[in-house]
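Remarks on the overall topology
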Amino acid sequence: MGTPELISPRSPRVAAARRLARRNFRGKERRFIAEGPQAVREAVRHRAGGEPTLTELFTTADAAERYADVVEAARAAGVRVHTASAEVLAEVSQTVTPQGLVGVCRFLDSPFEEILAARPRLVAVLSHVRDPGNAGTVLRCADAAGADAVVLTDASVDLYNPKSVRASVGSLFHLPVAVGVPVEDVVSGLREAGVRILAADGAGERDLDSELDAGTMGGPTAWVFGNEAWGLPEETRALTDAVVRVPIHGRAESLNLATAAAVCLYASARAQRASGGCRSVTFG
């Protein structure tokens, strides 16, 4: 069955989707935008509370043909699919060069209490992370490392910022994420759940290599990552069990946040899976 062409960018549906570029409207509607074939494909598969996370899909005719499997999966899930002109997609999209698929999704964050109840073994905590691209990339790293959850504190960026969603490259739909939790509550809750809390900081008194050599990394662990420019506040570092630095063996001044997070999370993943295997890595 064909779907109606959205001729005018002034269509109410287009206007409603366009408003989701603004945080206050996202919060009011509890909806966000996911763009591109990978994010939309994962959104189609994801369900929360028994309902599809993807609620609407805008696609150009060319994209509907190129990504027919994604569009048909959306229709099969009962998602309203709009075939639209490139002009309409440009109105809804938050990227300079839209890929022809833009989805409207329900919020999918999990209550922090549910994450604790699942007894996580590896958690990434974003505290004072303000750059949305960094937040999304750390989420992607956590997903790749096999983390059980990601927590964004109340001092961190909006999870549903379009840049965060794009940078996660679909990982947002793969693992539980809690948002808006005070860092004190995050630390106390995880500690009560038997999780060791490590702060990642370039000025840390402990060295990641030494921690691995000492065999202290195999238990349940949460890594707390801070602002890339100025790190973690002293009061946050004081809450943790240890402050650990990634050793710099060459002449680089430092590592960016996402790279440091990947190193730390994979170090824990390796220690926790010392006798197991892993999937091969692909780059993209």
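All values derive from a computational prediction rather than experimental measurement.

Conventions used here
Residues numbered from 1 in each chain as written. Predicted model: local features only at pLDDT ≥ 70, side-chain atom pairs only at ≥ 80, totals over all residues. Heavy atoms only, no water. Phe/Tyr/Trp six-rings, centres within 6.5 Å; stacked < 30°, edge-to-face > 60°. Helix = DSSP H or I, 4+ residues; strand = E, 2+ residues; numbered from the N terminus. Buried < 20%, exposed > 50% of the residue type's maximum accessible area, 1.4 Å probe, protein only. Core = buried A, V, L, I, M, F, W, Y, C linked by side-chain atoms within 4.5 Å. Contact = heavy atoms within 4.5 Å. Pairing = 2+ DSSP bridges. Axes fitted to C-alpha atoms, helices over the stretch in contact; angles between N-to-C directions. Parallel < 35°, antiparallel > 145°, perpendicular 65-115°, else oblique. Left-handed = near helix turned anticlockwise from the far one by under 90°. Nonpolar A, V, L, I, M, F, W, Y, C, P; charged D, E, K, R; others polar.

1. Side note on the packing of aromatic side chains
With the rule as written, the count across this model stands at five aromatic pairs. Ring centres 4.7 Å apart and planes at 35° place the aromatic pair Phe-32 and Tyr-160 in the tilted group. Taken together, the positions of Phe-32 in strand S2 (residues 31–35) and Tyr-160 in the loop between strand S9 (149–153) and helix H9 (162–168) put the pair 128 residues apart, joining distant regions of the chain. Accessibility classification places Phe-32 together with Tyr-160 in one group, the buried group. Look at Phe-32 and Phe-173: their rings are 6.2 Å apart centre to centre, the planes differ by 25°, and that puts the pair in the stacked class. Here Phe-32, found in strand S2, pairs with Phe-173, found in the loop between H9 and strand S10 (177–181); they are 141 residues apart in sequence, far enough to count as distant.

2. Some remarks on the nonpolar core
Core analysis: the biggest nonpolar cluster contains 56 residues, and Phe-32, Val-150, Trp-223, Phe-225 and Leu-265 have the highest contact counts within it. No other element matches the seven residues that helix H13 (residues 257–272) contributes to this core. Contact partners of Leu-265, with chain neighbours within four places excluded, come to Leu-122, Ala-124, Cys-141, Ala-142, Ala-145, Trp-223 and Phe-225. Listed in part, the 21 residues of the second largest apolar core include Ala-178, Ala-199, Leu-232 and Val-243.

3. Structural notes on helix H10 (residues 183–192)
Among all positions of H10, only Val-183, Val-186, Val-187, Gly-189 and Leu-190 are buried. Backbone geometry just downstream of H10 places Gly-194 in the positive-phi region, at approximately 85°.

4. Structural notes on the pairing of strand S6 (residues 80–84)
Most of S6 sits out of view: four of its five residues are buried. Of the pairings in the sheet, the one linking strand S5 (residues 54–59) to S6 comprises four bridges and is parallel in character. Considered in S6, the bridge of Leu-57 is made with Val-81.

5. Things to note about the packing of helix H3 (residues 37–45) against helix H5 (residues 68–76)
Packing of H3 against H5 leaves a shortest axis separation of 10 Å and a crossing angle of 30°. As far as their axial angle goes, H5 and H3 are roughly parallel. Considering only the axes of H3 and H5, their crossing is left-handed. Residue-level inspection shows Pro-37, Val-40, Arg-41 and Val-44 of H3 in contact with H5, the latter providing Asp-69, Val-70, Ala-73 and Ala-74. Partitioning the contact of H3 with H5 into residue classes produces six nonpolar, no polar and two charged.

6. Notes on H3
One turn of an α-helix holds 3.6 residues; hence residues three or four places apart share an orientation. Along H3, the positions that sit buried rather than exposed are Pro-37, Ala-39, Val-40, Glu-42, Ala-43 and Val-44. Residues of H3 that are buried in the fold lie against S2, S5, H5 and strand S7 (101–106).

7. Description of the sheet that holds S9
Spatially, S10-S9-S8-S13-S11-S14-S12 is the arrangement adopted by the seven strands of the open sheet, whose pairing is parallel. Strands with a single pairing partner mark the edges of an open sheet, and in this sheet they are S10 and strand S12 (206–207). Pairing of S9 with S10 involves four bridges; the strand directions are parallel. The residue bridging Thr-153 from the neighbouring strand is Val-181, located in S10. Lying over the sheet, helix H8 (residues 132–144) contacts strand S8 (122–126), S9, S10 and strand S13 (221–225), oriented at roughly 175° with respect to S8. Across the face of the sheet, H13 comes into contact with S8, strand S11 (196–200) and S13 while running at roughly 175° to S13.

8. Observations concerning unusual backbone geometry
Despite not being glycine, Arg-30 shows a phi value in the positive range, around 50°. Note on placement: Arg-30 falls in the loop between helix H2 (23–29) and S2. Classification of Arg-30 as partly exposed rests on a relative accessible area of 43%.

9. A few points about the packing of H8 against H13
In the contact formed by H8 and H13, the axes pass within 9 Å of each other and the chain directions differ by 20°. With respect to H13, the element H8 is oriented roughly parallel. Crossing handedness for the pair H8 and H13: right-handed. Two secondary-structure elements touch here, H8 through Asn-134, Thr-137, Val-138, Cys-141, Ala-142 and Ala-144 and H13 through Leu-257, Ala-258, Ala-261, Ala-262, Leu-265 and Tyr-266. Considering only residue class, the contact of H8 with H13 consists of ten nonpolar, two polar and no charged.

10. Some words on the side chain of Thr-221
With respect to the helices and strands, the residue Thr-221 is situated in strand S13. By relative accessible area, Thr-221 is classed as buried at 1%. Setting aside residues up to four positions removed in sequence, Thr-221 forms contacts with Arg-121, Leu-122, Val-123, Val-195, Arg-196, Leu-198, Ser-268 and Gln-272.

Remember that the coordinates give geometry; whether it matters functionally is a separate question.
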